[in-house]
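Each chain, letter by letter, is given below.
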Amino acid sequence: GTLCPQWPYCRKRCSYCNFNKYVVPAVDEAAVRACLVQEARTLLRLSQVQSVTSIFFGGGTPSLASPHTIAAVLEAVAGAAHLPAGAEVTLEANPSSASPARLAGFRAAGINRLSIGVQSLDDAELRLLGREHTAAEARGTVEAARGLFPGQTSIDLLFGLPGQSQDAWARGLAAALGLCDDHISLYQLTLERGTTLAAQVWGGNLPAPPQDLLADMYQTARTMLVAAGFRHYEVSNFARKGALSTHNLSYWRAEQYIGVGPGAHGRFVPRGEGGHSREARVQTLEPDAWMREVRSQGHGTRRRVVLSPLEQLEELLALGLRTDEGVTHERWGHFSPQLSLEAVFGEPGEAQDLQQQGWLLLDGGGLRCSARGLALLDSLLPDLLCQLQRR
Amino acid sequence: MALVGRTAMWWARLRSPCPAAAPLCLPPWRPAGLVAGGRLYSSRGKEKLDMSMYPVESIRNFSIIAHVDHGKSTLADRLLEITGTIAKTDCNKQVLDKLQVERERGITVKAQSASLFYNHEGVNYLLNLIDTPGHVDFSYEVSRSLSACQGVILVVDANEGIQAQTVANFYLAFEAQLTIIPVINKIDLKNADPERVEKQIEKLFDISADECVRISAKHGTNVEKVLQKVIEKIPPPQCDTADPLKALVFDSTFDHYRGVIANIALFGGEIQEGHKIVSAHTKKRYEVNEVGILTPNEQPTHKLYAGQVGYVIAGMKEVTEAQIGDTLFFYKQPVEPLPGFKSAKPMVFAGMYPVDQTEYNNLKSALERLTLNDSSVTVHRDSSLALGAGWRLGFLGLLHMEVFNQRLEQEYNMSVILTAPTVPYKAVLSSAKLIKEYGKEEITIINPAQFPDKLSVSEYLEPTVLGTIVTPHEYIGKIIALCQDRRAVQKDMLYMDEHRVMLKYLFPLNEIVVDFYDALKSLSSGYASFDYEDAGYQAADLIKMDILLNGNQVEELATIVHNDKACATGKFICERLKDAIPRQLFEIAIQAAIGKKIIARETLKAYRKNVVAKCYGGDITRRMKLLKRQAEGKKLMRKIGNVEVPRDAFIRVLKRQTDK
């Protein structure tokens, strides 16, 4: 199993982000730390997970937390379950809260991988996104991080910004390639309801990027990165020299994960209380309410829903097909010991049609998208779900 | 009012239960506070009226005809009040318009009748008012009503003057050789110009200005003068009670409890409960259960006599048994049947489908019940690959179609999909094989799917109408251009006075069926009026246009179009379809084709990227919900070749253009 602790606070709201995050004048860090520690212990006990294979500190802006808090959570995990020495422990970091000294502190606390929210190497674009840092600051952070976490530093970039041209994107990506380590995440900007940026675009004050341009940008990026030796191992993720994020891979493989902290999501079987079914769990969103619940009952789980076998398979498809390995026979068999992948998708039907059209592949490796099918996964999935539901 | 008092006294004399101390007591069938429009059965069990005191000489049968909104229903309300038929209150509005749709739209759809009692110069008169629908779509109802009359009141608005429908209605009455009493209404309005209207009446109808009565139906001004004119000018019916029974069925309604109620006009003899009667049309025998007059609700009487108008209930179970225009006579005393009517001819056809196929049976029974009371709607079963099982209905016109649809919704709570309306085309077959198959040479095509190929046809025909447009002269240029665009041919142009022009055009029906009236109204700021009458068929260069998606034909979008209009129509449908179909994994060519020739094309580009960028463990619950909803949606899609088309895409394309 894996663990995903959430640090829910940010210093500033970015114009595109609709995550569960809170901008408050002062954070009672000791209280939040105590609650993260307590909830991690409770949920690990509940899940009976023996070995925690990876941890990912997300948020909010977890690099705003002190290394001490990170260390406390890691100690709690190590105390409640086995945490192997080589386990991947990632921290999401913003250039504005990741000075070399803080990064060194995080490393000393047990962090061994960094995911830096660079987003862009153009100051005008950074301003549009409402980021606190400049391109130069981002460069400095990445360089320092590479020194401290060699081969284990990832950067995030956004494309498809309002007004961004294909050329500007290609130039930005080339600059990023000169800067980066062995892992890059490229996200097409999604306009989320309730964000400033979406309001500006929908209100007509900023241009909406044309569909075809977005597709071209994605294609260009893939070509450039593959040429630079990267493996396109998930819709938005690229790695070379085997630097794949094992934590994220376990999400896409639909392994068990335990969400800790306000608004965190989890998927696990609560064996500790005699459960046998995988559950979808969500922790209370608002930090203060969450803390009260953790203090009173040991955890802040707000919602838990038992997933039916069909729903589990649906999630496995929707997640697994995002990766280049796809849904392997082994993972499918884990959720569906009786009905094989071939039995469901090898028969005449939607999957076969999609295979013939070159969007999909079903072979000894499992079920996966072709390179061009991957970009259209959201059109393939409804068909595949239809076929699955008929079985 | 003295006269009201007199009438009421007369009622008091006739109806013994009324205490003499209450001279203004109401007629016995009318409870105090009667809500206008409600169908009442309060008459049942009450004493029957004796109609023998109204000999033929004291009977007048008449209609009111007018252009829409010129005040026909208001005048009828006043006549009913003055004669004491209904109580005089402020809420008598469109008393004869019983349907919700009639009241909402302010139009009359279904003809109604009312018997009025009026004392004039010491003589008690029976005045039968037969209300008529005011819209062109319902002109068959007008002519049907006129057949029971000897005269009409022609109402013209003092401000608007003669309008297209005034002309049409005048000629209906004129050709039926009825006495015409011109009435200029709304003289109370600020812009009223009765002199101008009188001049128009003189010029167009050749009726002297002295003959016109100036009234305000709203305020009741001079309305009694109208009643007096009715008595003085309109002749009594020419018939004799001593003759054998001869009753014309001029309308019928269906009542769930009592079966068919046939409205009849007696052209001879008398009729009463227990009489054995025969339908000249079906030769079926019936026994009369009840006769009576309409006031406007049914009021039983002992008998009905020659010249009178009323209703008969005789155990007819289906409306088709009471064929409009049929003659009823005594068993063993057959008479020469009265000339019947041409049955109402559908001018507009449209497919009707339940929104949800599980509603099919409910819709079927609603349709059956509604058509019982509206026999002018023709119903044929039909089915469409996209819309499922349904019907192809024939209507008298577009308003009729809308009214029918509205009644389905209001009276039967049914929600339906109505396809684009088409007109009944014809084809003269040349192929011996097809002639044998159809059993005739000339066939009518009401569904484009049945359009026969040009090779087996010697000539296609399209229905035409003679349209009358009345307009202030400043709009003439625009109107002529509009008519030319609609392939119309000018037949006549007449200045009614310095400001108003009457134009006559021969139109192909399909050119006016959908949006002509709206276009005319909008380019004349609402001042031009329009009416039309059937003008037979003309040869036309018709073709069937197919719509293709990636080369596969979309059966439900096939249309019959005139060659000249094919490109424009094809382009329009392709554009609409492009907006209605979501992008898919591949490019979609949307084409309009005549045979093998493509005349319009739109291209719907393929999706190139739609995968969501960020998907981690986080909240995939919401994403899964969305995907599952899309999967559900897929099951409802109609597949044409590879192309998935949402059902509502067809509805959006098939719906009338004005509903955009």
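In this text, all values refer to a predicted model and were calculated from it rather than measured experimentally. (Residues numbered from 1 in each chain as written. Chains lettered and ligands numbered in written order. Predicted model: local features only at pLDDT ≥ 70, side-chain atom pairs only at ≥ 80, totals over all residues. Heavy atoms only, no water.)

Enquirer: Just checking my understanding: could you explain the overall build of chain B for this structure?
Expert: On a plain count of helices and strands, chain B comes out with 16 helices and 33 strands. Counting over 660 residues, chain B shows a buried share of 57%. Taking all contacts inside chain B whose residues are at least 6 apart in sequence as the whole, residues at least 24 apart take part in 69%. Working note: accessible area of chain B is about 28000 Å², and carbon and sulfur atoms make up 51% of it. (Helix = DSSP H or I, 4+ residues; strand = E, 2+ residues; numbered from the N terminus. Buried < 20%, exposed > 50% of the residue type's maximum accessible area, 1.4 Å probe, protein only. Contact = heavy atoms within 4.5 Å. Areas by Shrake-Rupley, 256 points an atom, 1.4 Å probe, with all protein chains shown as cover.)

Enquirer: I tried to follow the overall build of chain A on my own but got confused; where do I start?
Expert: Looking only at helices and strands, chain A has 16 helices and 14 strands in total. Relative to its full complement of 391 residues, chain A shows a buried share of 58%. At a minimum sequence separation of 6, the contacts of chain A that also span at least 24 residues come to 69%. Total accessible area on chain A is roughly 15200 Å²; 51% of this is exposed by carbon and sulfur atoms.

Enquirer: Help me out: how do you make sense of the sheet that holds strand β12 (residues 290–294) of chain B in this one?
Expert: Adjacent strands of a sheet pair through backbone hydrogen bonds, lying either parallel or antiparallel. All names here are of chain B. In spatial order, the strands read β11-β10-β16-β7-β8-β15-β12-β13; together these 8 strands make up an open sheet with antiparallel pairing. Every other strand in the sheet has two partners, leaving β11 (285–287) and β13 (298–301) as the edge strands with one partner each. Pairwise comparison of adjacent strand axes, ignoring direction, gives a mean angle of 40° for this sheet. Alignment of β12 against strand β15 (residues 309–313), held across 3 bridges, turns out to be antiparallel. If you follow Glu-290 over to β15, its bridge partner there is Ile-313. (Pairing = 2+ DSSP bridges. Axes fitted to C-alpha atoms, helices over the stretch in contact; angles between N-to-C directions.)

Enquirer: Explain unusual backbone geometry to me, please; I cannot follow it from the model alone.
Expert: Note: most peptide bonds trans; most residues except glycine with negative phi. Gly60(A) follows Gly59(A) through a cis peptide bond whose omega is 20°. Along the polypeptide, Gly60(A) turns up in the loop between β2 (54–59) and α2 (67–80). Residue Gln119(A) is not a glycine yet carries a positive backbone phi of 70°. Taking the relative accessible area as the measure of exposure, Gln119(A) reaches 8% and is therefore buried. In the Ramachandran plot, Asp206(B) falls in the positive-phi region, its phi being about 60° despite a non-glycine side chain. Along the polypeptide, Asp206(B) turns up in the loop between α6 (194–205) and β6 (213–214). Of the residues examined, Asp206(B) reaches a relative accessible area of 70% and is grouped as exposed.

Enquirer: Teacher, can you tell me more about the interface of chain A and chain B here?
Expert: You'll often see interface size given as the accessible area lost when the parts meet. Contacts between the two partners involve 43 residues from chain A and, on the opposite side, 29 residues from chain B. Counting the surface lost from both chain A and chain B, the interface buries some 3400 Å², and carbon and sulfur atoms represent 55% of this. Viewed at the interface, chain B and chain A are joined by 7 salt bridges. Glu311(A) is paired through a salt bridge with Lys628(B); the nearest N and O atoms lie 3.6 Å apart. Within the residue set of the side of chain A that touches chain B, elements represented by two or more residues are β6 (183–188), α8 (211–227), α9 (246–252), β10 (265–268), α11 (309–320) and α16 (377–390) of chain A. The leading source of residues in the side of chain A that touches chain B is α16(A), at 10 residues. (Buried area = accessible area lost by both parts, 1.4 Å probe. Salt bridge = Lys/Arg side-chain N within 4 Å of Asp/Glu carboxyl O.)

Enquirer: Quick question: what am I supposed to make of the environment of Ser336(A) here?
Expert: Residues and elements named next belong to chain A. Following the sequence through the fold, Ser-336 ends up in the loop between α12 (329–335) and α13 (341–345). Judged by its relative accessible area of 9%, Ser-336 falls in the buried class. A C-alpha to C-alpha distance of 9.1 Å links Ser-336 and Leu-310, two positions 26 residues apart in sequence.

Enquirer: What is the right way to look at α6(B) in this model?
Expert: All names here are of chain B. Taking 1.5 Å as the rise per residue, α6 with 12 residues should run 16 Å; its terminal C-alpha atoms sit 16 Å apart, in good agreement. Every buried residue of α6 is listed here: Pro-194, Arg-196, Val-197, Glu-198, Gln-200, Ile-201, Leu-204 and Phe-205. Buried-residue contacts for α6 involve β4 (151–157), α5 (164–175), β5 (179–185), β6, β24 (489–495) and β25 (500–508). (Expected span 1.5 Å × (residues − 1).)

Enquirer: Explain the packing of aromatic side chains to me, please; I cannot follow it from the model alone.
Expert: Working definition: an aromatic ring pair is given by the centre-to-centre distance plus the angle between the planes. Residues and elements named next belong to chain B. According to the stated counting rule, one finds 20 aromatic pairs over all chains in the structure shown. Geometrically, the ring pair formed by Phe-170 and Phe-205 is stacked, given 3.9 Å between the ring centres and 15° between the ring planes. With Phe-170 in helix α5 and Phe-205 in helix α6, the pair connects residues that are 35 residues apart, well separated along the chain. Taking relative accessible area as the criterion, Phe-205 reaches 5% and is therefore assigned buried. Centroid distance Phe-530 to Tyr-532: 5.8 Å. Interplanar angle 45°. Geometry classified as tilted. (Phe/Tyr/Trp six-rings, centres within 6.5 Å; stacked < 30°, edge-to-face > 60°.)

Enquirer: Where do I start with the side chain of Gln200(B) in this structure?
Expert: Residue and element names in this part refer to chain B. Relative to the helices and strands, Gln-200 resides in helix α6. Judged by relative accessible area, which is 0%, Gln-200 ranks as buried. Excluding anything up to four places from it in sequence, Gln-200 contacts Gly-161, Ile-162, Phe-205, Met-496, Asp-497 and Arg-500.

Enquirer: Quick question: what am I supposed to make of the pattern of salt bridges here?
Expert: Side-chain pairing between opposite charges can occur once the charged atoms of the two side chains come close. Enumeration according to the criterion identifies 46 salt bridges over all chains in this entry. For the salt bridge of Lys605(B) with Asp212(A), the shortest nitrogen-to-oxygen distance reads 3.1 Å. Placement of Lys605(B) in the loop between β31 (597–604) and α15 (620–635) and of Asp212(A) in helix α8 is noted, with the two residues assigned to different chains. Among the ionic pairs, Glu511(B) bridges to Arg487(B), the shortest N-O distance being 2.9 Å. In this pair, Glu511(B) is assigned in helix α12 (residues 509–512) and Arg487(B) in the loop between α11 (476–485) and β24, connecting sequence segments 24 residues apart. Salt bridges here are not isolated pairs; linked through shared partners, they connect Glu273(A), Glu279(A), Arg281(A) and Arg304(A).

Enquirer: I tried to follow the nonpolar core on my own but got confused; where do I start?
Expert: Across soluble globular proteins, nonpolar side chains show a tendency to be buried alongside one another. Among the nonpolar cores identified, the biggest contains 125 residues, and Leu186(A), Leu317(A), Trp332(A) and Phe345(A) are the most heavily contacted of them. Counting residues per element, this core draws most heavily on helix α1 (residues 29–47) of chain A, which supplies 9 residues. Once residues lying within four places of it in the same chain are set aside, the contact partners of Leu317(A) are Val327(A), Trp332(A), Phe345(A), Leu367(A), Leu381(A), Leu384(A), Leu385(A) and Leu388(A). Within the second largest apolar cluster, 57 residues are counted, among which are Met347(B), Ile469(B), Leu520(B) and Phe530(B). (Core = buried A, V, L, I, M, F, W, Y, C linked by side-chain atoms within 4.5 Å.)

Enquirer: Can you help me understand the sheet that holds β6(B) in this one?
Expert: Residue and element names in this part refer to chain B. Read from one edge of the open sheet, 6 strands run β2-β3-β1-β4-β5-β6, paired in mixed fashion. Each edge of the open sheet carries a strand with a single partner, namely β2 (113–120) and β6. Bridge analysis of strand β1 (residues 59–66) against β4 gives 5 bridges, and the strand direction is parallel. From the neighbouring strand, Ile-64 faces β4, where its bridge partner is Ile-153. The strands that α6 touches are β4, β5 and β6; relative to β5, the one it contacts most, it runs at about 155°. The strands that helix α7 (residues 223–233) touches are β1, β2, β3 (123–130), β4, β5 and β6; relative to β2, the one it contacts most, it runs at about 90°.

Enquirer: When you look at the pairing of strand β14 (residues 366–369) of chain A in this model, what are you seeing that I'm missing?
Expert: Where a strand is regular, its side chains alternate between the two sheet faces. All names here are of chain A. When strand β13 (residues 360–363) meets β14, the two strands line up antiparallel, connected through 4 bridges. Each residue of the ladder has a partner; that of Leu-362, found in β14, is Leu-367. A loop of 2 residues connects β13 with β14, the two strands running antiparallel in sequence.

Enquirer: Would you mind going over the packing of helix α2 (residues 72–82) of chain B against α7(B) with me for this structure?
Expert: Any two packed helices are characterised by the angle at which their axes cross and by the distance between the axes. Residues and elements named next belong to chain B. In the contact formed by α2 and α7, the axes pass within 10 Å of each other and the chain directions differ by 80°. On the basis of their axis angle, the class for α2 and α7 is roughly perpendicular. Along the contact surface, α2 presents Leu-75, Arg-78, Leu-79 and Ile-82, while α7 presents Val-223, Glu-224 and Leu-227. Across the contact of α2 with α7, the residue classes tally to 5 nonpolar, no polar and 2 charged. (Parallel < 35°, antiparallel > 145°, perpendicular 65-115°, else oblique. Nonpolar A, V, L, I, M, F, W, Y, C, P; charged D, E, K, R; others polar.)

Enquirer: Just to check I follow, could you spell out helix α9 (residues 398–412) of chain B for this structure?
Expert: Within an α-helix, residues lying three or four positions from one another point in the same direction, as the helix has 3.6 residues per turn. All names here are of chain B. For α9, built from 15 residues, the straight-helix expectation of 21 Å at 1.5 Å per residue is met to within 8% by its first-to-last C-alpha distance of 20 Å. With 11 of 15 residues buried, α9 is to be regarded as a mostly interior element. All buried positions along α9 are accounted for by Leu-398, Leu-399, His-400, Met-401, Val-403, Phe-404, Asn-405, Gln-406, Arg-407, Leu-408 and Tyr-412. The first or second residue beyond α9 is Asn-413, which carries a positive phi of 55°.

Enquirer: What is the right way to look at the environment of Thr603(B) in this model?
Expert: All names here are of chain B. Structurally, Thr-603 can be placed in strand β31. Sequence separation of Thr-603 and Glu-575 is 28 residues, and the distance between their C-alpha atoms is 9.3 Å. Setting aside residues up to four positions removed in sequence, Thr-603 forms contacts with Lys-578, Glu-587 and Ile-588. Looking at Thr-603, its side chain comes within polar contact range of the side chain of Arg-601, at 3.1 Å. (Polar contact = N/O pair within 3.5 Å; in protein donor to acceptor, adjacent residues only side chain to side chain.)

Enquirer: So what exactly am I meant to see when it comes to the confidence of the model for chain B here?
Expert: Residues and elements named next belong to chain B. Residues at a pLDDT of 70 or more form 83% of chain B, whose mean pLDDT is 82. Considering only residues more than four positions removed or in separate chains, one finds that residues 1–45, a stretch of pLDDT under 50, has 71 contacts. Reported confidences for the modelled complex are a pTM of 0.64 and an ipTM of 0.92. (pLDDT = per-residue confidence, 0-100.)

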